[in-house]
Amino acid sequence: MAVQQSYDYKPSEGVDKLSLTFIKNYKNDEKLRKSFNELATEVFGINFEDWYQKGFWNNRYVPYSYIDGDKVIANVSVNLLDFVIDGKNKSAIQIGTVMTHPNYRNKGLSTSLMNTVLEEYEGNYDFIYLFANQNVLDFYPKFGFDSFNEYQFSMPYLSTHSDKTGIRKLDGNNMDDINLIYKIATERLPVSNLFGTINTQDLLMFYCIYVFESNIYYIEEESAIVIFEQEDKQVDIYDIVSNKEVNIVNVLSKITNSDTNKIVFHFTPDYKGINAQSELFNGDDVFFIKMNGNDNYFPSELKYPITTKV
């Protein structure tokens, strides 16, 4: 249910008082959702409408926003999920879609929304985290977040056996294929027991609809969805979705060819039968984490699974 309240905001001298309304969890309000999407398109070039219309925007993804009239002008979204770390489940909150309309920037609105989120969820998580672009790296440490290095895992590959039988390309715009992906995703094992995520099937569908719609394959023998692409001699694997442990050697034989000489994993692999090497990952975004409690920790080397990043 949407929650809203009036809010008069005057952050500092010299800034006109803003009469805004705070609102959260309003995805079913068509006018506000449209405004949210317009702001997300302007700031990030993304739009959540198709994700909503297909039924994948659930109650785990909650926008916290300020509106001016009926226009969303600032937002911090919360996504509720769980980590798997060394086989143990941990509750987590991902912060994302942090954005402010250009006409309302430098007024402290993002700071106010971040404080609202942190106060509401205080003590109710093991980890709270986000990905920040290079322009705002000084912003999040103010709230107790620490940056954390990611590592890229890869391995050389020599094809000794290529078997293209039983592999079928899926279409992220085809509802029959979408339903198959979602069914498997709702029953999936974490992509890694070293570091993975669960309760993220709806985020996966966002990537299947918008990002990797042409890179999704179903391997019948493994009952697995594999999201990958090959460029030149390198195969990038973005996710392997299955409700049972997969035979990675068999999977690789299905998705590679005689030219393939390198496999890159966009998550933290822990498959039997392979030996992936790690190197420091220098991406466009920086991983920020805030831990709750002294018994929580992260593996020394990990790659956050790309298909659950919001």
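Each value, and the rule that gives it
- Residues numbered from 1 in each chain as written.
- Predicted model: local features only at pLDDT ≥ 70, side-chain atom pairs only at ≥ 80, totals over all residues.
- Heavy atoms only, no water.
- Helix = DSSP H or I, 4+ residues; strand = E, 2+ residues; numbered from the N terminus.
- Buried < 20%, exposed > 50% of the residue type's maximum accessible area, 1.4 Å probe, protein only.
- pLDDT = per-residue confidence, 0-100.
- Contact = heavy atoms within 4.5 Å.
- UniProt positions renumbered as here; feature names shortened; annotations may be inferred.
- Salt bridge = Lys/Arg side-chain N within 4 Å of Asp/Glu carboxyl O.
- Pairing = 2+ DSSP bridges.
- Axes fitted to C-alpha atoms, helices over the stretch in contact; angles between N-to-C directions.

(A) Just unusual backbone geometry, in detail. Of note in this structure, Asn-25 is not a glycine but carries a positive phi near 55 degrees. Looking at the element boundaries, Asn-25 is found in the loop between β2 (18-24) and α1 (30-44). Note on Asn-25: relative accessible area 17%, which makes it buried. In this model, Thr-97 sits at a positive phi of 50 degrees, which is unusual for a non-glycine residue.

(B) Examining the confidence of the model for the protein more closely. Across the protein, the average pLDDT comes to 92, with 95% of residues at 70 or higher. pLDDT under 50 marks residues 6-16. Its contacts with residues more than four places away, or in other chains, come to 22 contacts.

(C) View of the UniProt feature "domain: N-acetyltransferase" (unreviewed entry) in the protein. Mapped onto the present numbering, the UniProt feature "domain: N-acetyltransferase" (unreviewed entry) falls on residues 23-160. Secondary structure across residues 23-160 comprises 24% helix and 39% strand; the distance between its end C-alpha atoms is 57 Å.

(D) Main features of the environment of Thr-165. Assignment of secondary structure puts Thr-165 in the loop between β8 (151-156) and β9 (167-170). Distance in space between the C-alpha atoms of Thr-165 and Val-246 is 17 Å, their sequence separation being 81 residues.

(E) Expanded view of the pattern of salt bridges. Summed over the entire model, instances satisfying the criterion amount to 11 salt bridges. Between Glu-150 and Lys-303 there is a salt bridge; the shortest N-O distance is 3.5 Å. Of the two residues, Glu-150 sits in the loop between β7 (146-148) and β8 while Lys-303 sits in the segment after β16 (285-291), which places them 153 residues apart along the sequence. Put simply, Lys-272 and Glu-245 hold a salt bridge, and the shortest N to O gap is 3.8 Å. One end of the pair, Lys-272, is in the loop between β14 (262-265) and β15 (277-280); the other, Glu-245, is in the loop between β13 (234-241) and α6 (248-255), with 27 residues separating them in the sequence. Given a relative accessible area of 65%, Lys-272 falls into the exposed group.

(F) Geometry of the environment of Phe-83. The topology assignment puts Phe-83 in strand β4 (residues 71-85). Distance in space between the C-alpha atoms of Phe-83 and Pro-269 is 15 Å, their sequence separation being 186 residues. The residues contacting Phe-83, other than those within four sequence positions of it, are Lys-88, Asn-89, Lys-90, Ala-92, Phe-127, Tyr-129, Phe-195, Gly-196, Thr-197, Phe-298 and Tyr-304.

(G) Geometry of the pairing of β8. The buried count for β8 comes to 5 of 6 residues, which makes it a mostly enclosed element. Pairing between β8 and β15: 4 bridges, direction antiparallel. Bridge pairing in β15 links Gln-152 to Glu-279. Pairing between β8 and β14: 4 bridges, direction antiparallel. Opposite Pro-156, over in β14, you have Lys-262 as the bridge partner.

(H) Geometry of the sheet that holds β13. The sheet built from 7 strands is open, its strands ordered β9-β11-β12-β13-β14-β8-β15 with mixed pairing. At either margin of the open sheet sits one strand with a lone partner, and together these are β9 and β15. Strand-to-strand twist in this sheet, taken as the mean axis angle between neighbours without regard to direction, amounts to 35 degrees. Seen against the sheet, α6 touches β8, β9, β11 (216-219), β12 (224-231), β13 and β14 and runs at an angle of roughly 130 degrees to β13.

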